[in-house]
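# Observations on chain architecture
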Amino acid sequence: MIDITLLTPEQLDRFIHIQGRIARQEEEAAKVKAARDYYSGNHPVLLTQRQQEYLGKQLTDGEFAFNHNLVKTVVDTLRERLAVTGFTVNGKSADDLDADDPDPDAQVAALLWQWWKHNRMDSQQIRLYRRALRDGKSYVMVDYDNTHQRPRLSLHEVDDGTTGVNLHRNPEDENQVLFASRYFYTFNPLKSGVTGIQRKTVYLPGEIRKYERDSITNMIGVDNLWRPILDDGDLSWPLAWRDAQGNNLGVAAVEFQNPGGSEVALIAGLQNALNKSWLDLLAAADTAGFPILTMNYKDPMPMPVGVSDDTNLEGEDEFIVAPGRALEIFGGTIERIPGADLNNIIEAIWTIAAAIGGMTRTPQYYLKPILGVDVPSGEALKQLESGLVAKAEERQLVFGEAWADVMALAYRVARTFGNVPEIDEPVIGVQWKDASTRIEETEAKVAQTHKDLGVPDEMVWAKLGYTPEQIALFKQNAMLQRAAEIANIVQAARQTPATGTANQQQGDINANVS
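My aim in this report is to walk through the structure given alongside it, one point at a time. (Residues numbered from 1 in each chain as written. Predicted model: local features only at pLDDT ≥ 70, side-chain atom pairs only at ≥ 80, totals over all residues. Heavy atoms only, no water.)

## A word on unusual backbone geometry
Here W237 and P238 are connected by a cis peptide whose omega angle stands at -5 degrees. Assignment of secondary structure puts P238 in the loop between β9 (226-228) and β10 (239-240). The phi dihedral of N90 is positive, around 55 degrees, even though this residue is not glycine. Mapped onto the secondary structure, N90 falls in the loop between β1 (84-89) and β2 (92-93). Its identity as a non-glycine residue notwithstanding, R120 has a phi of 55 degrees, on the positive side. (Helix = DSSP H or I, 4+ residues; strand = E, 2+ residues; numbered from the N terminus.)

## Some thoughts on the packing of aromatic side chains
According to the stated counting rule, one finds 14 aromatic pairs in the structure shown. With a centroid separation of 5.7 Å and 0 degrees between ring planes, the pair formed by Y129 and F399 is classed as stacked. Taken together, the positions of Y129 in helix α6 (residues 121-135) and F399 in helix α11 (residues 386-417) put the pair 270 residues apart, joining distant regions of the chain. By relative accessible area, which is 1% here, F399 ends up buried. Put simply, the rings of F87, W113, W116, Y129, F256, F399, W403 and W432 pair up and form one aromatic cluster. The lysine or arginine in question, R182, covers the ring of F184, its NZ or CZ lying 4.2 Å from the ring centre. Positioned over the ring face of W226 is R213, at 5.5 Å from the centre of the ring. (Phe/Tyr/Trp six-rings, centres within 6.5 Å; stacked < 30°, edge-to-face > 60°. Buried < 20%, exposed > 50% of the residue type's maximum accessible area, 1.4 Å probe, protein only. Lys NZ or Arg CZ within 6 Å of the ring centre and 35° of its normal.)

## Observations concerning the pairing of strand β5 (residues 164-170)
The buried fraction of β5 amounts to six of the seven residues, a majority that puts the element mostly inside the structure. Examined bridge by bridge, β5 and strand β6 (residues 173-185) share seven bridges and lie antiparallel to one another. Paired with G164 across the bridge in β6 is Y183. Where β5 folds back on β6, the antiparallel hairpin that results is connected by two residues. (Pairing = 2+ DSSP bridges.)

## Topic: the nonpolar core
Most often, soluble globular proteins keep nonpolar side chains buried together rather than apart. F87, F256 and W403 are the most contacted members of the largest nonpolar core, which totals 79 residues. Per-element tally for this core: the top contributor is α11, with 15 residues. Sequence-distant contacts of F256, defined by excluding residues within four places in its chain, comprise L128, A132, G136, K137, S138, V140, F399, A402, W403 and V406. Core analysis: the next-biggest nonpolar cluster, separate from the first, contains eleven residues, L12, F15, L178 and Y211 among them. (Core = buried A, V, L, I, M, F, W, Y, C linked by side-chain atoms within 4.5 Å. Contact = heavy atoms within 4.5 Å.)

## Thoughts on the sheet that holds β1
Taken in spatial order, the three strands of this open sheet run β2-β1-β14, and their pairing is antiparallel. Edge positions in the open sheet fall to β2 and β14 (428-432), since each of these has one partner strand only. Both β1 and β2 contribute to a ladder of two bridges, which runs antiparallel. Residue pairing in the sheet places T88 in a bridge with S93 of β2. Contacts from α11 reach β1 and β14, with the element oriented near 135 degrees to β14. (Axes fitted to C-alpha atoms, helices over the stretch in contact; angles between N-to-C directions.)

## What about a nonpolar patch on the surface?
Together, L293, M295 and I334 make up an exposed nonpolar region whose accessible area comes to about 220 Å². When you line up the elements, I334 lands in strand β13 (residues 332-337). Judged by its relative accessible area of 34%, I334 falls in the partly exposed class. (Patch = residues over 30% accessible without salt bridge, like charges linked within 9 Å, V, L, I, M, F, W, Y side chains within 5 Å. Areas by Shrake-Rupley, 256 points an atom, 1.4 Å probe, with all protein chains shown as cover. Salt bridge = Lys/Arg side-chain N within 4 Å of Asp/Glu carboxyl O.)

## Considering the sheet that holds strand β11 (residues 253-257)
Read from one edge to the other, the open sheet built from three strands follows the order β4-β3-β11, with strand pairing classed as antiparallel. The sheet is open, and its two edges are formed by β4 (150-157) and β11, each paired on a single side. Between one strand and the next, the sheet's axes are offset by a mean angle of 25 degrees, whatever the strand orientation. Two strands pair when backbone bridges link them, and strand β3 (residues 137-145) and β4 are joined in this way by eight bridges, in the antiparallel orientation. Each bridged residue has a counterpart across the sheet, and for M141 the counterpart in β4 is S154.

## Observations concerning the environment of Q107
By secondary structure assignment, the location of Q107 is in helix α5 (residues 104-118). Q107 has contacts with L97, P102 and P421, leaving out every residue within four places of it along the chain.

## Description of the side chain of H156
As for its placement among the helices and strands, H156 is situated in strand β4. Of note is the side chain of H156, whose polar atom sits 3.2 Å from the side chain of S154. If sequence neighbours within four positions are ignored, H156 has contacts with R131, S138, Y139, M141, V165 and R182. (Polar contact = N/O pair within 3.5 Å; in protein donor to acceptor, adjacent residues only side chain to side chain.)

## What about the pattern of salt bridges?
Once their charged atoms are close, side chains differing in charge can pair, the charge on each being opposite to the other. Under the criterion given, the structure shown has 25 salt bridges. Where R81 meets E385, a salt bridge forms, and the shortest distance between an N and an O atom there is 3.0 Å. With R81 in the loop between α4 (70-79) and β1 and E385 in the loop between α10 (378-384) and α11, this residue pair connects regions lying 304 residues apart in the sequence. Like E385, R81 is buried. Residue D143 pairs with R152 through a salt bridge whose shortest N-O separation is 2.8 Å. Given a relative accessible area of 27%, D143 falls into the partly exposed group. Under the relative-accessibility criterion, R152 is labelled partly exposed at 35%. In this structure, a network of salt bridges that share partners links the residues R36, R131, R134, D135, E157 and D160.

Following this line, the structure appears as structure tokens:
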């Protein structure tokens with residue numbers, strides 16, 4: 001078992017750099033770059049020698065590469081099913097916040113959602129999940145924004161050998177994170193000599209170490225010479241990353257690891273086969289996809305008028321076939337060779353698409369054109385999407401635990417550098433949008449059933465996919481409506497005695513007159 005707290009400062013420094021070299025293997029970096037290329041549509045073009053002669057330059061020298069990019073479709077179809085809609089703390093959400101009697105758990109839950117909104121994570125989470133599904137993993141880093149007095153969340157890609165983040169785990173215990181390292185290059189066009197310097201920041205559980213690649217060793221190709229560096233505002237090296245009691249805040253990077261690794265790696269080979277099949281279809285259509293006219297002569301073909309021999313016959317024997325024209329030949333017959341049947345190649349294309357769908361649990365109607373009458377709906381749609389929904393829910397579970405770690409770290413950071421309600425051990429839950437396709441009629445019936453069973457309105461609204469902001473508005477409107485109803489009742493109650501008294505008085509007058 002590795003315990004880095006027992007290492008001397010020199011040993012720890014050496015351990016960090018050795019681990020960095022191990023993690024940044026060229027093979028892994030190449031896989032990450034390849035996954036990004038495949039997602040973007042930069043696929044290898046597989047051509048036969050004949051295809052290279054007449055298709056090569058058009059396919060490789062243009063602005064856009066030739067592909068039928070189902071890799072992107074597979075990744076985005078799954079990514080669209082992942083959306084965080086709120087957080088709970090010890091079972092309480094922002095909806096449970098009562099201004100008259102504030103609950104600390106509900107207050108913190110509301111704070112977490114505020115931090116989420118301020119960091120624009122509604123849109124940022126799209127990039128995060130896309131990267132995790134594409135590359136196999138992605139990262140969220142947490143620090144403190146002194147200007148706005150709140151935690152700051154930033155997204156980072158996995159290291160591709162040039163820039164990015166690596167999470168270093170204990171080889172004997174994969175659940176133990178030793179530290180994280182981030183590689184990047186400086187950029188400041190307004191300051192000479194600053195842009196283009198390679199930097200490395202190491203995030204340990206209780207401290208942060210910043211390094212700069214020595215410019216001289218960088219030029220001669222030495223890979224392990226890094227020198228400590230202080231940025232403006234840094235008070236020490238390394239920077240302390242501990243709370244007021246001296247406890248470690250934890251590694252500042254949280255990993256979002258896709259179960260099973262990159263979605264791209266699973267289907268890259270089939271994607272190549274798909275592109276090749278399309279090229280084969282184009283080649284077959286070009287050479288044999290159209291009818292061909294042949295002219296057969298029993299005797300030698302007669303020479304055109306005015307031509308004595310066939311030494312210079314180029315262009316003289318051409319004839320034009322077009323609508324409205326007739327062909328007349330002498331001493332021969334014309335036959336028509338029909339175009340080749342391309343259905344076998346077309347079927348091969350959609351067979352490959354079906355295989356991609358089967359391997360990734362992506363419904364076929366996302367991968368293959370279908371007629372309007374074949375579009376599934378209702379229970380049929382639910383059944384066809386069951387595999388995709390299960391896959392999305394698995395990622396909601398895994399990524400949800402990562403988000404809980406992010407927000408727990410953000411809360412510890414806010415307690416250390418800011419002012420937030422005190423909760424000793426907050427248990428953070430993550431609320432997700434339903435991964436299933438919404439069937440409004442069915443959902444309305446289910447919601448009404450839950451309401452009839454006495455389920456609170458807030459839970460019914462959440463089940464229907466409404467956001468915490470919308471639910472808060474519903475509650476406010478319901479309170480206003482209830483207040484208006486009570487006011488009407490009170491007003492009516494006030495008017496009833498007055499009317500009765502007036503009638504009684506009129507009766508007394510009539511009696512006296514009589």
